[in-house]
Amino acid sequence: MTSAPLQHADALARDLASAGLTSGGVRALVGDDAADALARMSAAPARRAALAHPGPLSTLVRALVLGDRVPSADLSGALPEAGLAGAVALGVVTVEHDEAVPLLAVRPVTMRDAVGEAAWVIASDLDELSGARPLRPDHVLGVGGAARTLVQLLPPVAAGTALDLGTGCGIIALHLRRFAERVVATDVSPRALELAALNAALNGVDGIELRLGSLYEPVAGERFDLVASNPPFVITPRAEGVPAYEYRDGGLEGDRLMEAAVAGVAAHLAPGGTARMLGNWETRGEAAGRDRALQWAGAGLDVWVLEREALSPVAYAELWLRDGGTRPGDDGHDALLGTWLDDLEARGVDEVGMGWVVLHDGGTGLSRAERVPQGVALERVGAHLAEALEAEAWLAARDDDALLAERLLAAPDVTEARHQVPGAAGPTVIELRQGGGLGRSLSVDAALAGLVGASDGELPVGVLLGAIAGLLEVDEAPLVADLLPRVRELVRIGMLTPA
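Worth saying up front: this structure is predicted, and the values here are computed from it rather than measured.

Asker: An account of the overall build of the protein chain is requested, with residue identities and associated values reported.
Answerer: Secondary structure summary: the protein chain contains 19 helices and 19 strands in total. At 26 Å, the protein chain has a C-alpha radius of gyration in line with the 23 Å of a compact globule built from 499 residues. Summarising its shape, the C-alpha atoms of the protein chain cover approximately 90 × 55 × 50 Å along the three principal directions. Here the protein chain holds 499 residues, and 51% of them are scored as buried. Contacts spanning at least 24 positions in sequence make up 70% of the contacts within the protein chain whose residues lie at least 6 apart. Carbon together with sulfur atoms contributes 52% to the accessible area of the protein chain, which is approximately 21100 Å² in total. Looking at the protein chain, you have 40 positive and 69 negative side-chain charges, and the mean spots of the two groups are 3 Å apart.

Here's what the structure looks like:
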């Protein structure tokens, strides 16, 4: 992209909207099957459909979504306000003979955060969908799965200031601006900041300050109410001949970049502030990766590490080789794979965890690392994490006597399943299942199941436990001592809530 002023961005945005370059508009033009194929990075079905329906939208889809060369006259006609000259000035295309040659992808994106649904047009570098392979080292990624995940994890809070650490194309900063009055977005890549500026202009979003620098250097001494980061966390060998990409490779050995990103949060959270991060961490022998990540934040912050997936060294290396455009059968694939495996083996890595880190200046002493069940829907996770932090603060303010005096409610998404051997007098297994949140499933005994079933907000916990002790014909004091820590855990994870 050129350093030309962005005055053409408004005109380009109006042209794209007028032509119908939205997620719904593209789907209507190419059809559901072709639109779904685009999400799988398969361009041919959409190209075929666009060519069959010529017009301004078809031209824009071919040029800006698929990265095809198109006749200059066609693109000029599709951009009545910005014109071909405006697109050239913005660095979106160049002109060769009578053709407009795309330099960037500009794609419609619809995403949902805690505020609701947002529709954007996002400029990024040409990628696999556009036929670019291999990627350039300073490649600026568009909106991928990681960005969508982080957006859904953002808490439903109003913030004065927010920090997007490692902004890339700027999509996280755009969403943070929906929560915060002012956003600072940083990146080590000048090219990323240029595209982030273009995207803010294309979408008419102000209040985002872009700063160049590594990690927290650009915000030294500053604190924020909300911090979000999708850092370059990929664990890439620091070896000659291994391609490195600024958008994903942090330039440090192993998971040290992720460690630095997590460790730096404490110095930059305002009182009561909160942070959400994506990351990878190494499991080395007895040192589970999620437990190592838990220690990175140090003392003073509430920390919650949620591991979504863990991959073997081979699966992890294959994943990121494919991401960089190298596939089995390509020249150099096997040598690169060997280098990745050598690097992981040198540190004794058994697997690499992938997931989320939640940090909060809440003073509750929360220190939790857990595995998130597969299949958990992300739509409610952001709200659930915020609710869990509130529950943690609620619990921290109540000792056991105070908790016994509280009235609790069973969450509406909690169900109970009982299993028993045919002919048995009672169930051998009782499970409580969480329909929302993190979709947990817990095995409980009859006493705890009875408490949850009776928690309708009418009677205090202590009264319910006394009644359950009577029904089971057991001493109340040992029952209370056994159940109360488990009641705290059910509140902590959202199966029970304060009435």
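Asker: Account for the layout of surface pockets, with residues named and values stated.
Answerer: Its boundaries defined by the atoms lining it, the second largest pocket holds a volume of some 270 Å³. Lining the second largest pocket are 18 residues, and of these His-384, Glu-387, Gly-494, Leu-496 and Thr-497 lie nearest its centre. When residues of the lining of the second largest pocket are traced back to their parent elements, those giving at least two are helix H15 (381–396), helix H19 (476–493) and strand E19 (496–498). Of the residues forming the lining of the second largest pocket, the biggest block, five residues, is contributed by H15. Taken together, the residues of the lining of the second largest pocket sort by class into nine nonpolar, five polar and four charged.

Asker: Could you give me a rundown of the packing of helix H2 (residues 23–30) against helix H5 (residues 56–65), with the residues and numbers involved?
Answerer: Contact pair H2 / H5: the axes reach a minimum separation of 11 Å and the direction vectors enclose 105°. Accordingly, the angle class assigned to the pair H2 and H5 is roughly perpendicular. In this structure, H2 uses Gly-25, Val-26 and Leu-29 to contact H5, whose residues at the interface are Leu-57, Ser-58 and Val-61. Partitioned by chemical class, the residues of the contact of H2 with H5 number four nonpolar, two polar and no charged.

Asker: So, the sheet that holds strand E3 (residues 99–102): which residues are in play, and what are the values?
Answerer: Paired through backbone hydrogen bonds, the strands of a sheet run either parallel or antiparallel to each other. Strands sit in the order E1-E3-E2 across an open sheet of three strands; the sheet is antiparallel. Among the strands making up the open sheet, the edge pair consists of strand E1 (70–71) and strand E2 (93–96).

Asker: For the pairing of strand E7 (residues 180–187), give the residues involved together with the corresponding values.
Answerer: Along E7, six of the eight residues are buried, which leaves the element largely enclosed by surrounding structure. Each parallel crossover has a hand, and the one from strand E6 (residues 159–165) via helix H9 (residues 171–177) to E7 is right-handed. With five bridges connecting them, E7 and strand E8 (residues 208–212) associate as parallel partners. Bridged to Thr-186 within E8 is Arg-211.

Asker: Break down the sheet that holds E6 for me, citing the residues and quoting the values.
Answerer: Spatial ordering of the open sheet is given by E8-E7-E6-E9-E10-E12-E11-E13, a layout of eight strands whose pairing is mixed. Single-partner strands in this sheet number two, and they are E8 and strand E13 (367–371). Across this sheet, the average inter-strand angle for adjacent strands is 20°, counted without regard to direction. Along the sheet face, helix H10 (residues 190–202) touches E7 and E8 and points at about 170° away from the line of E8. This element, helix H11 (residues 256–263), spans E6, strand E10 (269–284) and strand E12 (349–360) of the sheet and lies at about 165° to E10.

Asker: Mind laying out a nonpolar patch on the surface, listing which residues take part and the relevant values?
Answerer: Together, Leu-471, Leu-472 and Val-474 make up a nonpolar patch on the protein surface, roughly 300 Å² of accessible area in all. With respect to the helices, strands and loops of the structure, Leu-471 is situated in helix H18 (residues 461–472).

Asker: Describe the packing of aromatic side chains, and please don't skip the residues or the numbers.
Answerer: Per the stated rule, a full pass over the model turns up three aromatic pairs. Judged by centre distance (6.1 Å) and plane angle (35°), the ring pair of Tyr-245 and Tyr-247 falls under tilted. For the pair formed by Tyr-245 and Tyr-247, the shared burial category is buried. Arranged with centres 6.5 Å apart and planes meeting at 55°, the rings of Tyr-316 and Trp-340 form a pair that is tilted. On the criterion of sequence distance, the pair formed by Tyr-316 in helix H13 (residues 313–323) and Trp-340 in helix H14 (residues 333–346) is long-range, its members being 24 residues apart. What makes Tyr-316 buried here is its relative accessible area of 0%. Judged by its relative accessible area of 1%, Trp-340 is buried.

Analysis parameters
Residues numbered from 1 in each chain as written. Predicted model: local features only at pLDDT ≥ 70, side-chain atom pairs only at ≥ 80, totals over all residues. Heavy atoms only, no water. Helix = DSSP H or I, 4+ residues; strand = E, 2+ residues; numbered from the N terminus. Rg over C-alpha atoms; globule rule 2.2 N^0.38 Å. Buried < 20%, exposed > 50% of the residue type's maximum accessible area, 1.4 Å probe, protein only. Contact = heavy atoms within 4.5 Å. Areas by Shrake-Rupley, 256 points an atom, 1.4 Å probe, with all protein chains shown as cover. Lys, Arg positive; Asp, Glu negative; His and termini not counted. Charge placed at Lys NZ, Arg CZ, Asp CG, Glu CD. 1 Å grid on protein atoms, 1.4 Å probe; cavity = no way out; pocket = protein on both sides within 12 Å on 5 of 7 lines; lining within 4 Å. Points joined across faces, edges and corners; volume = space filled by probe spheres on them. Nonpolar A, V, L, I, M, F, W, Y, C, P; charged D, E, K, R; others polar. Axes fitted to C-alpha atoms, helices over the stretch in contact; angles between N-to-C directions. Parallel < 35°, antiparallel > 145°, perpendicular 65-115°, else oblique. Pairing = 2+ DSSP bridges. Right-handed = clockwise from strand over helix to strand, strands pointing away. Patch = residues over 30% accessible without salt bridge, like charges linked within 9 Å, V, L, I, M, F, W, Y side chains within 5 Å. Salt bridge = Lys/Arg side-chain N within 4 Å of Asp/Glu carboxyl O. Phe/Tyr/Trp six-rings, centres within 6.5 Å; stacked < 30°, edge-to-face > 60°.

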